[in-house]
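Chain residues, written in single-letter form:
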Amino acid sequence: MPAASSPSPSSSASPPSVPPPSVPPPSRAPVVAALRAAGCVFAEDEAELLLAAARTPDELTALVDRRVTGEPLELVLGWAEFRGLRIAVEPGVFVPRRRTEFLVEQALAQAPGATVVVDLCCGSGALGAALADALGPVELHAADIDPAAVRCARRNVAAAGGRVHTGDLFEALPGELRGRVGVLVANVPYVPTGEVGLLPAEAREHEPLVALDGGADGLDVLRRVAAEAPRWLAPGGCVLVETSERQAPAAVDAFARSGLTTRLAVSEELYAHVVTGVRP
């Protein structure tokens, strides 16, 4: 989700690591030129990824055409790299941001022995998949209100044996999870409604509004998560959300009002702000 009230374009950080190209090197120069002309900051790196993804010259042309017309690189490739994992993404699904890796890092630091993990507002399921990959065998549940996200998340958490549920926040979860969750991550939408139109075109035109719009001040969904989380957390369990620098004080207050022991962590490098609440 967005930092400072708006998500960076999904390709604003350096693209994922580059596999060997499957299209002959002579094709590289015109691809780089086309991407550079379209304003792609990392044209060389993106060209390598597109060359590796294309099986034929015609397919390469189609992929480049999609990218130069503004489609996010990750959607063109069909995957995004997140904490070393290749996360499947598809049109209409929120693309995981590199800065959100900081949220996963904070969750692992807070609860390194967690055995029950929940990923709310899961989108592609990247957070749940990354936590399961780092923690080892866990009981993993993910949930999203968007059927397209649920379909995508099922692909990404299958290797961890994760279950994905369709519904609105906690309403989607099995009741048996109440009081048992060790780590609950929620990459909630937090762009204020009035600022959605200011987002980069890659987000505004290619990602679902429900994954971006957080209400009048951007904190509607965050407050709902904060209010309900204590009933689902195990004693000592934690809930973590990403927010913006501007919204962080109000987010911390929402967690504290729910009786959670609250902490704000900031990564200057990633420009990421994560609020952690721990059930006493």
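Quick look at the structure, then. (Residues numbered from 1 in each chain as written. Predicted model: local features only at pLDDT ≥ 70, side-chain atom pairs only at ≥ 80, totals over all residues. Heavy atoms only, no water.)

## Section: the side chain of D146
Selection rule: Helix and strand assignments come from DSSP, with helices taken as H or I runs of at least 4 residues and strands as E runs of at least 2, each series counted from the N terminus. Only protein chains enter the accessibility calculation, which uses a 1.4 Å probe; a residue is then buried when its area is under 20% of its type maximum, exposed when over 50%, and partly exposed in between. Charged residues are defined narrowly, with Lys and Arg counted positive, Asp and Glu counted negative, and His plus the chain ends left uncounted. Take a side-chain nitrogen of Lys or Arg and a carboxyl oxygen of Asp or Glu: if they are within 4 Å of each other, that pair is a salt bridge. Pairs of N or O atoms within 3.5 Å make up the polar contacts considered here, provided that, within protein, one atom can donate a hydrogen while the other can accept it, and that residues adjacent in sequence are counted only when both atoms are side-chain atoms. By definition in these notes, contact holds between two residues if any of their heavy atoms fall within 4.5 Å.
The topology assignment puts D146 in the loop between β4 (139-144) and α7 (147-157). Buried D146, no salt bridge; nearest opposite-charge side chain is R151, N-O distance 7.0 Å. Within polar-contact distance, the side chain of D146 engages the backbone nitrogen of A148 at 3.0 Å. Beyond its immediate sequence surroundings of up to four residues, D146 is in contact with G92, P208 and V210.

## Examining helix α1 (residues 28-37)
Operational definition: Here the arc refers to the set of directions running from the helix axis out to each C-beta atom.
Taken as a whole, α1 has its buried residues at V31, V32 and L35. Taken down its axis, α1 places every buried residue within 100° of arc, on the same side. Turned more than 90 degrees away from the buried face of α1, the exposed residues are A29 and A37. Of the surrounding elements, those touching the buried residues of α1 are α2 (43-53) and α3 (57-68).

## Regarding the pairing of strand β3 (residues 116-120)
The condition is simple: A pair of strands is labelled paired if DSSP reports no fewer than 2 bridges between them.
Among the five residues of β3, five are classified as buried, and the element is accordingly described as predominantly covered. Both faces of β3 are covered, namely the face carrying V116, V118 and L120 and the face carrying V117 and D119. Where β3 lies against β4, four bridges are found, and the strand directions are parallel. Bridged to V117 within β4 is L140.

## Things to note about the pairing of β4
Formally: A clockwise path from the first strand over the helix to the second, with the strands pointing away from the viewer, defines a right-handed crossover.
For β4, a buried count of five out of six residues is recorded, marking the element as mostly surrounded by other parts of the structure. Assessed by its sense of winding, the connection that carries the chain from β3 through helix α6 (residues 126-135) to β4 is right-handed. Examined bridge by bridge, β4 and strand β5 (residues 163-166) share four bridges and lie parallel to one another. Directly across from H141, in β5, lies its bridge partner R163. Running through α7, the crossover from β4 to the neighbouring parallel element β5 is right-handed.

## Some words on the environment of A134
Its place among the elements puts A134 in helix α6. In this structure A134 comes out as partly exposed when scored by relative accessible area, which is 41%. Residue contacts for A134: discarding those within four places in its chain leaves R83 and L108.

## Quick look at the pattern of salt bridges
Throughout the structure, instances matching the rule amount to 19 salt bridges. In this structure, E139 engages R180 in a salt bridge whose closest nitrogen and oxygen atoms are separated by 2.7 Å. Of this pair, E139 sits in strand β4 while R180 sits in the loop between β5 and β6 (181-186); the two residues are 41 residues apart in sequence, bridging distant segments of the chain. In this structure E139 comes out as partly exposed when scored by relative accessible area, which is 26%. A relative accessible area of 36% places R180 in the partly exposed class. Measuring nitrogen to oxygen at the nearest pair gives 3.0 Å for the salt bridge that ties E195 to R246. Here E195 is found in the loop between β6 and α8 (201-206), whereas its partner R246 is found in the loop between β7 (233-243) and α10 (248-257), with 51 residues between them in sequence. Here the salt bridges do not stand alone but share partners, grouping E46, R67 and E202 into one network.

## Digging into the sheet that holds strand β8 (residues 261-267)
The line we're drawing: Here, axes are lines fitted to C-alpha atoms. For helices the fit covers the stretch in contact, and angles between N-to-C directions go from 0 to 180 degrees.
As summarised here, the arrangement of the seven strands in space is β5-β4-β3-β6-β7-β9-β8, forming an open sheet in which the pairing is mixed. Since the sheet does not close on itself, it has two edges, and those belong to β5 and β8, each with one partner. Taken over all neighbouring pairs, the strand axes of this sheet differ in orientation by 20° on average, direction set aside. Lying on the sheet, α7 is in contact with β4 and β5; it crosses β5 at an angle near 175°. Helix α9 (residues 220-232) contacts β6 and β7 of the sheet and is inclined by roughly 165° relative to β7.

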